[in-house]
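# Fold and geometry: a report
Listed below, chain by chain, are the residues.
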Amino acid sequence: MDRISSRSPDHSVCIIIPAYNSSRFLAAAIESAIDQTYPASEIVVIDDGSTDDTRSVCDRYPTIKYIYQSNQGLPGARNQGIAVSQSEYLIFLDSDDRLLPDAIEIGVNCLAAHPEAGFVFGRYLFLAINPDGSYSTQQLFDEPPLVASYATILAAQHNIQCATAICRREAVASIGGFAPHQEDLNLWLRIAREMPIYFHDRVVSEYRHHGGNESSKSAKMLVQTMTTHALEWEYVSALGGSPELVRAYE
């Protein structure tokens, strides 16, 4: 793995936080975005039609941009965040997760070291939250390959938790952002079709499991993942059935 310098080049970074009735966790997500060793240029919270006190939580932080919209789902909220921001680099932080303090610094330096990459990403901690707010588990997931590509994402060898990635705006824009009714896996695959990606193997975020996460809805997540995966067959077969990609797809 390439050594990532501790000196950060001057690039603007936006952290986009979609929020839907998640005020219980939102403050911690916002504070993790604020408390970065490399400051974010923009922090945007997209309130996707919440009926809780999401707005009052955001009002505590005068430096963030708060946008309310009628409920459009996670892809629509993320796309709105892209539309109202201007920064060169983008991080998509779910409202119940947290960034580690050097997440931006690691990501910006890695993009500088790999100017060909559409996005770079790392690892995350899995934290289970008990009703009293304590954490019962803390773990890293299995060791993924050090070299990332479209094929490794397709084969589920890289499970990219959204906040571990930092994207070039131009890469996201080139594929039209998040597709309707599709979430981050679809975005990673479409970018990786078009340009290199890079895995830096550093821990940069915390996935906080509390039972209400979208990923806790096993049947829904299985259907979404299978649907996203099936969409890739047209691309794989159009390449003449590349043996490597067929194996990855299977």
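So, here's what we can say about the structure. (Residues numbered from 1 in each chain as written. Predicted model: local features only at pLDDT ≥ 70, side-chain atom pairs only at ≥ 80, totals over all residues. Heavy atoms only, no water.)

Moving on, we come to the pairing of strand S6 (residues 119-129). Residues in a regular strand project their side chains so that they alternate between the two faces of the sheet. Most of S6 sits inside the fold, with eleven of its eleven residues counted as buried. Two strands pair when backbone bridges link them, and S6 and strand S8 (residues 165-168) are joined in this way by three bridges, in the antiparallel orientation. From the neighbouring strand, Phe-121 faces S8, where its bridge partner is Ala-165. Pairing geometry for S6 and strand S9 (residues 198-209), over eight bridges, is parallel. Note that in S9 the partner of Arg-123 across the bridge is Val-203. (Buried < 20%, exposed > 50% of the residue type's maximum accessible area, 1.4 Å probe, protein only. Helix = DSSP H or I, 4+ residues; strand = E, 2+ residues; numbered from the N terminus. Pairing = 2+ DSSP bridges.)

So, on to the side chain of His-158. Mapped onto the elements, His-158 comes out in the loop between helix H5 (150-154) and S8. Looking at His-158, its side chain comes within polar contact range of the main-chain oxygen of Pro-145, at 2.7 Å. Engagement of the side chain of His-158 in a polar contact is seen with the side chain of Thr-152, the distance being 2.8 Å. When residues no more than four places from it in sequence are discounted, the contact partners of His-158 are Phe-121, Pro-144, Pro-145, Val-147, Ala-148, Thr-152, Ile-153 and Phe-199. (Polar contact = N/O pair within 3.5 Å; in protein donor to acceptor, adjacent residues only side chain to side chain. Contact = heavy atoms within 4.5 Å.)

Our focus in this paragraph is unusual backbone geometry. Unlike most non-glycine residues, Asn-21 shows phi in positive territory, near 50°. If you check the backbone angles, His-181 has positive phi at about 65° while not being a glycine. Mapped onto the elements, His-181 comes out in the loop between helix H6 (169-174) and helix H7 (184-194).

So, on to the environment of Ala-248. Tracing the sequence through the fold places Ala-248 in helix H9 (residues 243-249). If sequence neighbours within four positions are ignored, Ala-248 has contacts with Ala-151, Leu-154, Ala-155 and His-229.

What follows concerns the pattern of salt bridges. If you walk through the whole model with that rule in mind, you get six salt bridges. Ionic pairing is found between Arg-78 and Asp-94, a salt bridge with its closest N-O pair at 2.9 Å. Taken together, the residues Arg-78 in helix H3 (residues 73-84) and Asp-94 in the loop between strand S4 (89-92) and strand S5 (98-99) connect sequence positions 16 residues apart. Linking Arg-78 and Asp-184 is a salt bridge whose minimum nitrogen-to-oxygen distance equals 3.6 Å. Here the residue Arg-78 occupies a position in helix H3, and Asp-184 occupies one in helix H7, the gap between them amounting to 106 residues. (Salt bridge = Lys/Arg side-chain N within 4 Å of Asp/Glu carboxyl O.)

Phe-92, Phe-119, Phe-121, Ile-153 and Trp-188 are the most contacted members of the largest nonpolar core, which totals 34 residues. Ranked by residues supplied to this core, first place goes to H7 with five residues. When residues no more than four places from it in sequence are discounted, the contact partners of Phe-92 are Ile-16, Arg-78, Ile-82, Cys-162, Ala-163, Cys-167 and Phe-178. Core analysis: the next-biggest nonpolar cluster, separate from the first, contains 33 residues, Ala-19, Ile-43, Cys-58 and Ala-103 among them. (Core = buried A, V, L, I, M, F, W, Y, C linked by side-chain atoms within 4.5 Å.)

Helix length check: helix H1 (residues 23-34) (twelve residues) gives 17 Å between terminal C-alpha atoms against 16 Å at 1.5 Å per residue, within 8%. Restricting attention to buried positions, one finds in H1 the residues Ser-23, Phe-25, Leu-26, Ala-27, Ala-29, Ile-30, Ser-32 and Ala-33. (Expected span 1.5 Å × (residues − 1).)

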